[in-house]
Amino acid sequence: MTTMTLIQSSPAPLPALPRLARGLAPSLAPLRAISRQILLGLSFPLALLALWSLGAAQGWVPPQILPAPAVVWQSFLDLCADGSLAAHTKASLIRVAEGFALGASVGLVFGTAVGLVPAFRAWVWPPVQAATRVNALAWMPLLTLFLGIDEALKVVVIGWSVSIPVILATARAVGDVPAALRELGVALHLTRRQRLRLIVVPQALPQIATGLREGLANAWQSLVIVELFASFEGLGYLMTWGRQLFQLDLVLVAMAVIAVLGFTFDLALRGVERWLQPWQTGGGHGL
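Not measured: the values here are computed from a predicted model.

What counts as what
Residues numbered from 1 in each chain as written. Predicted model: local features only at pLDDT ≥ 70, side-chain atom pairs only at ≥ 80, totals over all residues. Heavy atoms only, no water. Salt bridge = Lys/Arg side-chain N within 4 Å of Asp/Glu carboxyl O. Helix = DSSP H or I, 4+ residues; strand = E, 2+ residues; numbered from the N terminus. Buried < 20%, exposed > 50% of the residue type's maximum accessible area, 1.4 Å probe, protein only. Phe/Tyr/Trp six-rings, centres within 6.5 Å; stacked < 30°, edge-to-face > 60°.

1. Considering the pattern of salt bridges
With the rule as written, the count across this model stands at five salt bridges. As a salt-bridge pair, Glu227 and Arg95 come within 2.7 Å of each other at their nearest N and O atoms. On the criterion of sequence distance, the pair formed by Glu227 in helix H8 (residues 192–227) and Arg95 in helix H3 (residues 84–116) is long-range, its members being 132 residues apart. Accessibility classification places Glu227 together with Arg95 in one group, the buried group. For Arg213, the salt bridge goes to Asp266, with nearest N and O atoms at 3.9 Å. Highlighted residues: Arg213 in helix H8 and Asp266 in helix H10 (residues 248–276), separated in sequence by 53 residues.

2. A look at the packing of aromatic side chains
Summed over all chains, the structure comprises six aromatic pairs. Seen in terms of ring centroids, Phe110 and Phe120 are 5.5 Å apart; in terms of plane orientation they differ by 65 degrees. Their pairing is edge-to-face. Placement of the pair is Phe110 in helix H3 and Phe120 in helix H4 (residues 118–132), with a sequence separation of 10 residues. Overall, the relative accessible area of 22% leaves Phe110 in the partly exposed class. Between Trp220 and Phe265, the aromatic rings sit 6.2 Å apart at their centres with planes inclined by 40 degrees, giving tilted as the arrangement. Placement of the pair is Trp220 in helix H8 and Phe265 in helix H10, with a sequence separation of 45 residues. For Trp220, a relative accessible area of 6% puts it in the buried group. An aromatic cluster of at least three residues, connected via ring pairs, comprises Phe110, Phe120 and Trp123.

3. Let's talk about unusual backbone geometry
With a phi angle near 60 degrees, Phe246 is a residue other than glycine that sits in the positive phi range. Tracing the chain through its elements places Phe246 in the loop between helix H9 (235–244) and H10. Of the residues examined, Phe246 reaches a relative accessible area of 54% and is grouped as exposed.

This is the structure:
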């Protein structure tokens, strides 16, 4: 009788490249998600740029009203070449930085005091709420009497516009800390500084960060207005100069620079917020 031997063959190993691709797939998933978000974010501006180019080529809008993208780009290159754009941008960045630092500092301290001290809140909160209903730019004529028309006026007006959302967000965030958490700090015999650092600040930080981002947006909006008022440098002044000369390409260049800078600083604040809140996920919910 012939004996037949069965030889069980093992499956052939996968090639090296497919195995490597399968191993990298989980780590590349966040990168694909970020790339998808970037593409979606760029789709609308690129569509507007295409429509703008088409309208300029077809003559839908007179070039004196809306210059072609190529003209605006050439103006941008010219301003970069002679250094004027860098000088105007530097002046505006200094004003925004000083105004934001002033407004954020005042807003954080004042808002925290309002949220933590009921007596202080009852004393100052009604007039503060009334003052916030008036736009910061409406105070410029009165502030001019005390500060003049130099840099101090511009910084104070920007700081004022920053402080309003920061005060409102901070006071609301600190005041909304659950009483149970405050009582827990007392039960653990934490000092007032420890309760503020370990309980109040982590609980209130998301709303405070939102107020700071709104304040930064207000700073850039106020910058353009204050630089229209007795200023000879800055992106707002560049916009005014271009409008007076009827060179709207200069206006569009300044607008684009302000938009890019504002968006960049907002992203930076979001990064700082995520760094300060490692327990938060991307969706803003606690782990």
